[in-house]
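# Examination of the molecular architecture
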Amino acid sequence: MPELRLGKHKPRFPLVQGGMGVRISGPKLAGVVAKAGGVGTIATVGLAVTSPDYNGRNYFEANKKEIIKCLQQARKEAPEGVIAVNIMVALTDYEDQVRASCEGGADVIISGAGLPLNLPGITKDFPDVALVPIVSSLKAVRIIVKRWEKQYGRLPDGFVVETPLYAGGHLGVTKEDQVFSPEFSPERVLPEIKAYLEDELKVDIPIIAAGGVWDRRDMLRMFELGASGVQMGTRFTVAVEGDASEEYKDIILRAKDNEVVIIKSPVGIPGRVLLSPFIERYLKGDVESKPCFANCLHHCSYRNGEKTFCIAQALVDAFFGRWEEGLFFCGSNVSKLTRKESVAEIFKDLFEN
């Protein structure tokens, strides 16, 4: 079993629990995962929507406060654990969320949905915070390494390499045909990045494989391809200790293979979701208005022309288990979920066989 070290932080097990918004991976789940020996991850997007500090008009300020509160809550559960935040580059308040996460005591910042080219500058006053970009290709790794070395004199502390074939949520590629392309398969991308880091750069930067990791066999296969750790999202969505509503978990547990579809998200990239009634109507061109409540994204096809819908509101609807109205992100393995497992059971299945 490889050792996963992210900067100064070393979890007991080489497992990162994926960041899932809105509030699907919140402080409760992250704290329990960190206590169990993995990297527990809080998705920062939309945390404010259930905060008593949010009054419908102060979204950005409330979200900063809630990030800090959630980190404190997770840390109380796992004082010695490794706690990460997942922050999307595409967010309007990206820099504020990064700073709030550092101030709140995050050990690791995992950042995708765009290339986090300026992340070292934002975090310069917090040198102990490990910085881990999410990428889907060697090209993205090269761009980040070149910029960070030239502008900041440092390298990433790790890379989450998300291959889109099986992953849930936004898939890290710009076109739908790339989702199923061998060019972005783990068998190709992981060894390419591993060779670049070790043979060309001569550095030991850990790779965390993401997308389609379900069980110990999947995990060991990723290790054989060069990964030092794995990221798992879908299997944690219905964890007993998960932050989502029980209605949400019940919907996820009912999911079937033929209900998993690829859509073009309002963000402008492909995403893997459940075919809820809302998404079914959306795919037929019957776009329903979900008014933008926060201007939370730099690029949003709804805000820029009302061509799609407010993804934040659709994810909030999912969090509360509103099947008719929600956007339910999921990985391709979602139909394997048959019951609500505890985090301890998941870790036992992965690491005690």
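Details of the structure are given in the entry above.
Note that this is a predicted model, so its numbers are computed, not measured.

### Description of the side chain of Lys249
Relative to the assigned elements, Lys249 resides in helix H9 (residues 246-253). A polar contact of 3.3 Å, which involves the side chain of Lys249, links it to the backbone oxygen of Val240. Side-chain polar atoms of Lys249 contact the backbone oxygen of Gly242, separated by 3.3 Å. Aside from chain neighbours lying at most four places away, what touches Lys249 is Thr237, Val238, Ala239, Val240, Gly242, Ala244 and Lys340.

### A closer look at the packing of aromatic side chains
With the rule as written, the count across this model stands at 8 aromatic pairs. With centroids separated by 4.5 Å and ring planes inclined at 20 degrees, the aromatic side chains of Phe13 and Phe351 adopt a geometry described as stacked. Here the residue Phe13 occupies a position in the segment before strand E1 (15-17), and Phe351 occupies one in helix H12 (residues 343-351), the gap between them amounting to 338 residues. Assessed through its relative accessible area of 13%, Phe351 is described here as buried. When the ring of Phe319 is compared with that of Phe320, the centres are 4.9 Å apart and the planes differ by 75 degrees; the resulting orientation is edge-to-face.

### Things to note about the environment of Phe126
By secondary structure assignment, the location of Phe126 is in the loop between helix H4 (119-122) and strand E5 (130-135). Residues Phe126 and Phe278, spaced 152 residues apart in sequence, show a C-alpha to C-alpha distance of 42 Å. In this structure Phe126 touches Cys102 and Glu103, once residues within four positions along its chain are discounted.

How each quantity is defined
- Residues numbered from 1 in each chain as written.
- Predicted model: local features only at pLDDT ≥ 70, side-chain atom pairs only at ≥ 80, totals over all residues.
- Heavy atoms only, no water.
- Helix = DSSP H or I, 4+ residues; strand = E, 2+ residues; numbered from the N terminus.
- Polar contact = N/O pair within 3.5 Å; in protein donor to acceptor, adjacent residues only side chain to side chain.
- Contact = heavy atoms within 4.5 Å.
- Phe/Tyr/Trp six-rings, centres within 6.5 Å; stacked < 30°, edge-to-face > 60°.
- Buried < 20%, exposed > 50% of the residue type's maximum accessible area, 1.4 Å probe, protein only.

That's the geometry; what it means functionally is another story.
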